[in-house]
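Residue-level listing of the chains:
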Amino acid sequence: MNALDQTPGHPVAHGASEGLPSALEQSHTHAAHRGRPVRTEPRGVRIILTVIALAFVGLFIGLPLVTVFYEAFKRGWQAYVAALVSPDALAAIQLTLIVAVISVVANLLFGLVAAWSIAKFEFPGKSLLITLIDLPFSVSPVVAGLIYVLLFGSQGLFAAYLQAWDIKIIFALPGIVLATIFVTFPFVARELIPLMQEQGTAEEEAAISLGASGLSTFFRVTLPNVKWALLYGVLLCNARAMGEFGAVSVVSGHVRGLTNTMPLHIEILYNEYQFVASFAVASLLALLALVTLIAKTILEHRLAEEDR
Amino acid sequence: MTIDVVGVTKRFKTFAALDNVSLTIRTGELVALLGPSGSGKTTLLRIIAGLEWPDSGEVRFDGEDALSRSVRERNVGFVFQHYALFRHMNVFENVAFGLRVRRGADKLPEAAIRAKVNELLHLVQIDWLAERYPAQLSGGQRQRVALARALAISPKVLLLDEPFGALDAKVRKELRRWLRHLHEELPVTSVLVTHDQEEALELADRVVVMGHGKIEQVGSPGEVYDNPATAFVHDFIGETIALPGEVKGGALYLGGRPLGLDPQGVADGPARILARPHDVDLADPSSTAISGKVLSVRTFGPTRRADVELAGSSGPVVVEAAVPHGQDLAPGTQVGLKPRRYKVFAA
């Protein structure tokens, strides 16, 4: 590493001889990471490209976001609060929260199990499972909703059975939850699979060889190793679950105060020309998006740190 | 603890990783499983540990069947190739892990755990790193943590999978001596897997040379180096000059010319003549049956080697010969080669 270390017969204690070079090494890699970007484009081109990017983001993302809050507060904050505390709005908020909690928990459990089995074991049908997990990303949410209507609706495949037992799925909470779970299905699993695959099974083997049981290995080794990625997946899953419109719209039936989630409630208010109320509820969802964005940035930072 | 491996066979789909392997490891020994990648050495180690199960055969610890016990119950210390340290735990917690997961009567009080971990950290000379996380350690330090962690469960058997594979040459040498020293201090039987012959020869009491899922030779470092049992062992351990010869009527021939060398009991037919470069002298081309043209001369550190092109029975063969210091050898010169020590194997 340096000339001093190469000196023959240079007596050094075991620990000390490694401590110093390691510190040197670390600062070295840090410097390499922060190395100057290679800039070949002339200044003018750089400025033009930056302005285009900023203008695009401002026009298509920044402006709408500002508009939501502007419209919501147009008639003052009393009108804003009144719109949020109306019984229908409160019911929609409550329903959205219930649906989000159920789907997040369901997909958290499923995501963990799926990622764990895919990353740590070999089994037939593994690649099929990986492909199927991605399906909700490629299928239109409306189609997802329709699938459940076809399965559980009054003309559906299980209609007779459901009627006999008096179970209501479509136009009720179970249908909304099912549709939301379908749409948010990949988030947790997708986040965990590559990380768990990269981490391999060596740490688990080490834990077991040290006498840990399977359960103890999972909670002491596997889970802590993926906790930030898991939280990240849950965050994205939650944001999508609360904001989902298409699939939920198909199965909900839009019963005011009963089966309206926030996005559906916003649409109804808007169609009834109640703009302030509509944008007030929308501002809540926008706020959720902002909080998600901040939490996501923090988590990404933690993840990058763990990756070192 | 004595470890008996009896007739162990292990297949991965169609690939035979271990083919009817038998081996006895005596109490307190440090044995190296040495071989190229794919020779089955790691599979054998993992079977002894209980991380892998053989298709057939037996593994016995002190005469008792070990295969009926899982890796949890075998109480073996395993040091993984890339250490497999728990990345979210600091060094102290990594070492304490094996003590913390104990249940029931074996569970130690916190004070006893702390005392034991500190003692181990002291033993591997990294007390000062207790609060660090694996990502903040150098390779050599990680290696020490992995060892301390494996030793925490007071194993009678210590299994090491390529323990120095990921380290640079200097640290590797240092840790090697230190490990040997540690093994002598502890009441432990150690098995080490390596593809590095120098490592195996320097560290081990006995070396098990493996190739293609079989044991080629078991012996002391001196034995396997000086008296390789097979051409494979000769090739794999130490530098080797190989000449394709032929045995005819109890005499050795190279490219049709008699060599005047002893065929060492090899039956008539094609044979391989193997020698160490430093056991081959350069000689006057007229005084020996083996001669050829120098292609190039290379110097690395204290050694000098000449590539010499010989006429073999089927086309030219290039061999490496040691060039003594002080002797000039220009490319293009004709030289003779005289092996002082050599081995003949049927090809």
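Calculation criteria
Residues numbered from 1 in each chain as written. Chains lettered and ligands numbered in written order. Predicted model: local features only at pLDDT ≥ 70, side-chain atom pairs only at ≥ 80, totals over all residues. Helix = DSSP H or I, 4+ residues; strand = E, 2+ residues; numbered from the N terminus. Contact = placed C-beta atoms within 7 Å. Buried ≥ 20, exposed ≤ 12 C-beta atoms within 10 Å, placed from the backbone. Pairing = 2+ DSSP bridges. Nonpolar A, V, L, I, M, F, W, Y, C, P; charged D, E, K, R; others polar. pLDDT = per-residue confidence, 0-100. Core = buried A, V, L, I, M, F, W, Y, C linked by C-beta atoms within 7 Å. Axes fitted to C-alpha atoms, helices over the stretch in contact; angles between N-to-C directions. Parallel < 35°, antiparallel > 145°, perpendicular 65-115°, else oblique. Left-handed = near helix turned anticlockwise from the far one by under 90°. UniProt positions renumbered as here; feature names shortened; annotations may be inferred. Expected span 1.5 Å × (residues − 1).

(A) Here's a closer look at the overall build of chain A. Secondary structure summary: chain A contains 16 helices and 0 strands in total. Intrachain contacts of chain A at a sequence separation of at least 6 include 75% that bridge at least 24 residues.

(B) Inspection of the overall build of chain B at higher detail. Secondary structure summary: chain B contains 9 helices and 20 strands in total. If you line up chain B on its principal axes, its C-alpha atoms span 80 × 45 × 35 Å. Buried residues in chain B amount to 41% of all 347 residues. Excluding contacts between residues fewer than 6 apart, the proportion of contacts in chain B whose partners are at least 24 apart in sequence is 66%.

(C) Examining the pairing of strand S6 (residues 76-79) of chain B more closely. Residue and element names in this part refer to chain B. Residues of S6 alternate between two faces, with Val76 and Phe78 on one and Gly77 and Val79 on the opposite face, all of them buried. Strand direction decides the pairing type here: S6 and strand S7 (residues 157-161), joined by 4 bridges, are parallel. Pairing of valine 79 across the sheet is with leucine 160, part of S7.

(D) Geometry of the interface of chain B and chain A. The partner chain A presents 21 residues to the 29 residues of chain B that form the contact. For the side of chain B that touches chain A, the residue count by class is 17 nonpolar, 7 polar and 5 charged.

(E) Spatial organisation of the confidence of the model for chain A. Here chain A averages 82 in pLDDT, and 86% of its residues register 70 or above. This stretch, residues 1-33 of chain A, has a pLDDT under 50; its non-local contacts, to residues over four places away or in other chains, come to 18 contacts.

(F) Summary view of the pairing of strand S4 (residues 56-61) of chain B. All names here are of chain B. Bridge analysis of strand S1 (residues 3-12) against S4 gives 5 bridges, and the strand direction is antiparallel. Across the sheet, the residue bridging to isoleucine 3 is phenylalanine 61, located in S4. Here S4 pairs with strand S5 (residues 64-65) via 2 bridges, running antiparallel. From the neighbouring strand, phenylalanine 61 faces S5, where its bridge partner is glutamate 64. Between S4 and S5, which pair antiparallel and follow one another directly, the connecting turn spans 2 residues, one of which, aspartate 62, has a positive phi of 50 degrees.

(G) View of the environment of B:Asp168. Considering the arrangement of structural elements, one finds B:Asp168 in the loop between S7 and helix H6 (169-185). Under the C-beta neighbour-count criterion, B:Asp168 is labelled partly exposed, with 13 such atoms within 10 Å.

(H) How the structure looks around the nonpolar core. If you look at the biggest cluster of nonpolar residues, it comprises 103 residues, and the most contacted ones within it are B:Ala32, B:Leu33, B:Ile48, B:Val95, B:Leu159 and B:Val208. With 60 residues, the next largest nonpolar core counts A:Leu230, A:Met262, A:Ile266 and A:Phe279 among its residues.

(I) Fine view of the sheet that holds strand S8 (residues 189-194) of chain B. Residue and element names in this part refer to chain B. Judged by pairing direction, the sheet is mixed, and its 6 strands sit side by side in the order S6-S7-S8-S3-S9-S10 without closing on themselves. A strand with exactly one partner marks an edge of an open sheet, and here the two such strands are S6 and strand S10 (214-219). Going across the sheet, the axis of each strand differs from the next one's by a mean of 15 degrees, ignoring polarity. Of the pairings in the sheet, the one linking strand S3 (residues 30-34) to S8 comprises 5 bridges and is parallel in character. Paired with leucine 33 across the two strands is valine 193, which belongs to S8.

(J) Representation of the packing of helix H5 (residues 87-120) of chain A against helix H9 (residues 173-184) of chain A in the model. Residues and elements named next belong to chain A. Relative to each other, H5 and H9 sit at 50 degrees, their axes nearing to 9 Å. The angle between the axes of H5 and H9 places the two elements in the oblique class. The way H5 lies across H9 gives a crossing that is right-handed. Note on element contacts: H9 touches H5 through Ile176, Val177, Thr180, Ile181 and Thr184, opposite Val99, Ile102, Ser103, Ala106 and Asn107.

(K) Structural context of the UniProt feature "domain: ABC transporter" (unreviewed entry) in chain B. Under the feature "domain: ABC transporter" (unreviewed entry), the UniProt entry names residues 3-237 of chain B. Helix makes up 37% of residues 3-237 of chain B and strand makes up 26%, while its end C-alpha atoms are separated by 25 Å.

(L) Quick peek at the sheet that holds strand S2 (residues 15-25) of chain B. Residue and element names in this part refer to chain B. Pairing is antiparallel across the open sheet formed by 4 strands, whose spatial order is S2-S1-S4-S5. In the strand order of this sheet, the two ends are held by S2 and S5, each with one partner. In this sheet, S2 lies alongside S1 in antiparallel orientation, the contact comprising 7 bridges. Along S2, the bridge assignment pairs isoleucine 3 with isoleucine 25. Across the sheet, helix H1 (residues 41-49) touches S1, S2 and S4, and the angle it forms with S1 is around 120 degrees.

(M) Structural view of helix H6 (residues 126-138) of chain A. For H6(A), spanning 13 residues, the distance from its first C-alpha to its last is 19 Å, which sits close to the expected 18 Å at 1.5 Å a residue. Burial runs low along H6(A): only 1 of the 13 residues are buried.

(N) Structural detail: the packing of H5(A) against helix H13 (residues 227-243) of chain A. Residues and elements named next belong to chain A. It is at 9 Å that the axes of H5 and H13 come closest, and there the two elements cross at 145 degrees. In the crossing of H5 with H13, the sense of the turn from one axis to the other is right-handed. Contact with H5, carried on its side by Thr96, Val99, Ala100, Ser103, Val104, Asn107, Leu108 and Gly111, involves Gly233, Val234, Cys237, Asn238, Ala241 and Met242 of H13 and no other residues of that element. Across the contact of H5 with H13, the residue classes break down as 8 nonpolar, 6 polar and no charged.

(O) Quick look at the confidence of the model for chain B. Of all residues in chain B, 99% have pLDDT values of 70 or greater, and the mean over the chain is 88. Predicted complex metrics record ipTM = 0.82 and pTM = 0.77.

(P) Structural view of the environment of A:Phe110. All names here are of chain A. Topologically, phenylalanine 110 is positioned in helix H5. What makes phenylalanine 110 partly exposed here is the crowd of 15 C-beta atoms within 10 Å. Residues phenylalanine 110 and phenylalanine 185, 75 residues apart in the sequence, show an inter-C-alpha distance of 8.3 Å.

(Q) Representation of the environment of B:Val171 in the model. Within the secondary structure layout, B:Val171 lies in helix H6. Sequence separation between B:Val171 and B:Val145 is 26 residues, and the spatial gap between their C-alpha atoms is 15 Å.

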